[in-house]
Amino acid sequence: MIRRQGRLAGMETSCRKVIVVSIVCLGILAGSALAQGELRFCLRSEPKTFDPLKVEDDASAAIRYLAGGVLLRMNRQTQALEPELAESWKVSKDGKQITFKLRTGISFSDGTPFSAEDVAYTVQQLMDPALHSPTGDAFRSGPGSVETKIISPGQISITFPSPVAGLDRQFDQVAILSAHSAKKEMAVLGPFMVADYKPGSSLLLKRNPNYWKTDAQGRKLPYLDSVRLDIQPNRDVEMLRFKRGEIDLINSLDSEYFDKLAATSPQLVHDAGPSLDSEQMWFNQVGKSPLPEYKKNWFRSANFRRAVSAAINRQDLARVVFRGHAQAAVGPVSPANKFWFNAALKAEAYAPDAALHALQGEGFRMENGALKDKEGNAVVFSIITNAGNKYRERMATMIQEDLQKIGIQVNLVTLDFPSLIERMTQTFDYEAILLGLTNVGLDPSEQMNVWLSSSENHQWNPSEKVPETAWEAEIDRLMRAQASSADPRKRKESFDRVQEIAVEQAPFLYLVNRNALSAEAASVQGTSPVILVPQTYWNAERLSVK
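Here goes a summary of the coordinates provided. (Residues numbered from 1 in each chain as written. Predicted model: local features only at pLDDT ≥ 70, side-chain atom pairs only at ≥ 80, totals over all residues. Heavy atoms only, no water.)

**Remarks on the overall build of the chain**
Within the chain one finds 16 helices and 21 strands. Expected size for 546 residues packed as a compact globule is a radius of gyration near 24 Å; at 26 Å, the chain falls within 12% of this value. Its C-alpha atoms give the chain principal-axis dimensions of about 110 × 55 × 40 Å. A burial count over the chain gives 54% of its 546 residues as buried. The contacts in the chain between residues at least 6 apart in sequence include a share of 68% that link residues at least 24 apart. Entry remark: accessible area of the chain is about 23300 Å², with carbon and sulfur atoms responsible for 52%. (Helix = DSSP H or I, 4+ residues; strand = E, 2+ residues; numbered from the N terminus. Rg over C-alpha atoms; globule rule 2.2 N^0.38 Å. Buried < 20%, exposed > 50% of the residue type's maximum accessible area, 1.4 Å probe, protein only. Contact = heavy atoms within 4.5 Å. Areas by Shrake-Rupley, 256 points an atom, 1.4 Å probe, with all protein chains shown as cover.)

This is the structure:
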């Protein structure tokens, strides 16, 4: 309302001050009415990085999800792609270019304005080969450079040298960095920002005062004042703290504790069904690893790997270790991923006699209950897994017992997670590792950082300069083919074949797919657990604690 002159104008000025003050007060109250409490849960390991472009571990991914602002976000409940920092987008017909129209008036947590320049900077950093970004691998469908064109401060186009299948969905993992902030990656666009970090102890995230999103009633998000993440690898301790009310949720719950909680407090637990995540083991095939040559020869043999796989009773693992809250894994893709799962594949049958027969065909022989290779070396190897993870320790024990039946001696080693990662990625001083892979999305291109032979996450033999085997070269070709096609049928044909090769060659021995189990305290409002990561706090900006 605009008034013009005289006494009425003066009255209007005075009234306007009152109205403005009232609106400001109401705005503060509306913004803080639901902005309450601190959400507390545990990270299972120390975050390896705060740089969202370098994320490759679960702890760092959790921080990226809570603090990182993305252009587009896949709704974890509906699995639909939704606008975030970009209010609209368009992908070219050839799948090479995506154009974003950005929201205006947004600032990073430190007050630095957000514009297309930040998107251009982020994409150039992401695709810099020297950075070795696991997230960037999903966009690498062919050789060449990525071009960014700033059309205006609120509009940008990004052109890739080759088509990128599901191009828009890949941006769900790309947290935008500031091109100008002195705080670098600590200036964020997500609902929370890192406020305090005590290595080995905890991480405190506070609400981002500049977060742009509001709810349907116009109230500023997030509702929470803060999120406290305690670094706690021991799941027994985590459960004890949940029961005491010291933490509010467990994003991924062990089946044993799920059943115990369900017996006394069924309202606190949720089974969302089979997840996308897999538990698996693999053998070290790195040429420069400090292993004796005869062991390298075992591990590089597909027949050896397949025989070991056939000697493992997956149904028992699902039944005993996970109390039925899991199913025998088939291959790289969980059956929960309805479209991309290769339905022609079946779970590995437990066949110890066939496994031993296959090994004997390779020159192995049994002597007094012990398996030896053709040179007389006893078949002995160690499986490493992360300390404090009871179900992996139990799986390793059961695998040890299964393999003993065909004369293979397995030694079990548990290490703290940083030491395990160092052996896996730096020194390559290991024989076999049992871990899990967490799948964030549904699209096969999001597994590029595992299947491309040049990738650092090509776990059994990372960062190959050129594919060292014909089947790895074939997987490289197929993964790039599916990633550069806009035809879903052709993409599925390519990825179905990748899954077949993965089963035939067994670089990973896929063991089980766990159900998505979680626990949420009654004090946490707004949770709706799903099968996709992060199961419980995917809508963190809308959660509150009473």
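From this point on, the discussion continues.
**A short note on the environment of V380**
Assignment of secondary structure puts V380 in strand 16 (residues 380-386). In this structure the C-alpha to C-alpha distance between V380 and K295, which are 85 residues apart in sequence, comes to 8.9 Å. Ignoring sequence-local partners within four residues, the contact set of V380 consists of K295, W298, Q409, N411 and E431.

**Points about the sheet that holds strand 9 (residues 202-207)**
Sheet strands line up and pair through hydrogen bonds in the backbone, either parallel or antiparallel. Spatial strand order, 1-10-9-8: four strands in an open sheet with mixed pairing. Each having just a single partner strand, strand 1 (38-43) and strand 8 (192-198) make up the two edges of the open sheet. Averaged over all pairs of adjacent strands, the angle between strand axes in this sheet comes to 20°, irrespective of strand direction. Of the pairings in the sheet, the one linking strand 1 to strand 10 (residues 226-231) comprises six bridges and is parallel in character. Directly across from L43, in strand 10, lies its bridge partner I231. (Pairing = 2+ DSSP bridges. Axes fitted to C-alpha atoms, helices over the stretch in contact; angles between N-to-C directions.)

**As for helix 13 (residues 417-427)**
Burial in helix 13 covers these residues: L420, I421 and M424. End-on, the buried residues of helix 13 take up no more than an arc of 95°, which puts them together on one face. Looking at the buried residues of helix 13, the elements they touch are strand 12 (269-283), strand 16, strand 17 (409-415) and strand 18 (432-437). Looking one or two residues beyond helix 13, the residue adopting positive phi is F428, at roughly 55°. (Arc of directions from axis to C-beta.)

**Observations concerning the side chain of E472**
Note that E472 resides in helix 15 (residues 470-483). Among buried Asp, Glu, Lys and Arg side chains, E472 stands out as unpaired, with R305 the closest opposite charge at 8.0 Å. (Lys, Arg positive; Asp, Glu negative; His and termini not counted. Salt bridge = Lys/Arg side-chain N within 4 Å of Asp/Glu carboxyl O.)

**Some points on the environment of H325**
When you line up the elements, H325 lands in the loop between helix 10 (314-321) and strand 13 (326-328). Residue classification places H325 among the buried positions, given a relative accessible area of 13%. Sequence spacing of H325 and D118 is 207 residues, and the spatial spacing of their C-alpha atoms is 44 Å. Every residue in contact with H325, bar those within four places of it in the chain, is listed here: S255, F258, D259, D271, A318, R514, N515 and L517. At a separation of 3.3 Å, a polar atom in the side chain of H325 contacts the side chain of D271. (Polar contact = N/O pair within 3.5 Å; in protein donor to acceptor, adjacent residues only side chain to side chain.)

**Notes on the packing of aromatic side chains**
Per the counting criterion, the structure on display carries 26 aromatic pairs. Consider the rings of F322 and Y391, whose centres lie 5.1 Å apart with planes at 55°: the pair is tilted. Of the two residues, F322 sits in the loop between helix 10 and strand 13 while Y391 sits in helix 12 (residues 390-404), which places them 69 residues apart along the sequence. The class for Y391 is buried, based on a relative accessible area of 6%. Here a set of aromatic residues connected by ring pairs shows up, and it is made of F283, Y294, W298, F299, F304, F364 and F381. Directly above the aromatic system of F339 lies the positively charged group of K492, at a separation of 5.8 Å from the ring centroid. (Phe/Tyr/Trp six-rings, centres within 6.5 Å; stacked < 30°, edge-to-face > 60°. Lys NZ or Arg CZ within 6 Å of the ring centre and 35° of its normal.)

**Some details on the sheet that holds strand 6 (residues 147-152)**
The strand order across the open sheet built from four strands is 4-5-7-6, with neighbouring strands paired in antiparallel fashion. Edge positions in the sheet fall to strand 4 (86-91) and strand 6, since each has one partner strand and no second. Sheet twist, expressed as the average angle between the axes of neighbouring strands with direction ignored, equals 15°. Taken together, the five bridges between strand 5 (residues 97-102) and strand 7 (residues 155-159) define a ladder with antiparallel strand orientation. Across the sheet, the residue bridging to Q97 is T159, located in strand 7.

**Quick notes on the side chain of S275**
By the element assignment, S275 lies in strand 12. Polar side-chain contacts of S275 include one of 3.1 Å to the backbone nitrogen of D277. Among all residues touching S275, those that are not within four sequence positions of it are S334, A336, N513, R514, N515, A516 and I531.

**Things to note about unusual backbone geometry**
With the exception of glycine, most residues fall at negative phi, and the peptide bonds are largely trans. Cis peptide bonds are those with omega within 30 degrees of zero, and the linkage from L221 to P222 qualifies with 0°. In this structure, P222 sits in the loop between strand 9 and strand 10. The omega torsion of the bond from V533 to P534 falls at -5°, within 30 degrees of zero and hence cis. Position of P534 relative to the elements: it lies in the loop between strand 20 (524-525) and strand 21 (544-545). Even without a glycine there, the phi angle at N368 is positive, about 55°. Mapped onto the secondary structure, N368 falls in the loop between strand 14 (365-367) and strand 15 (370-372).

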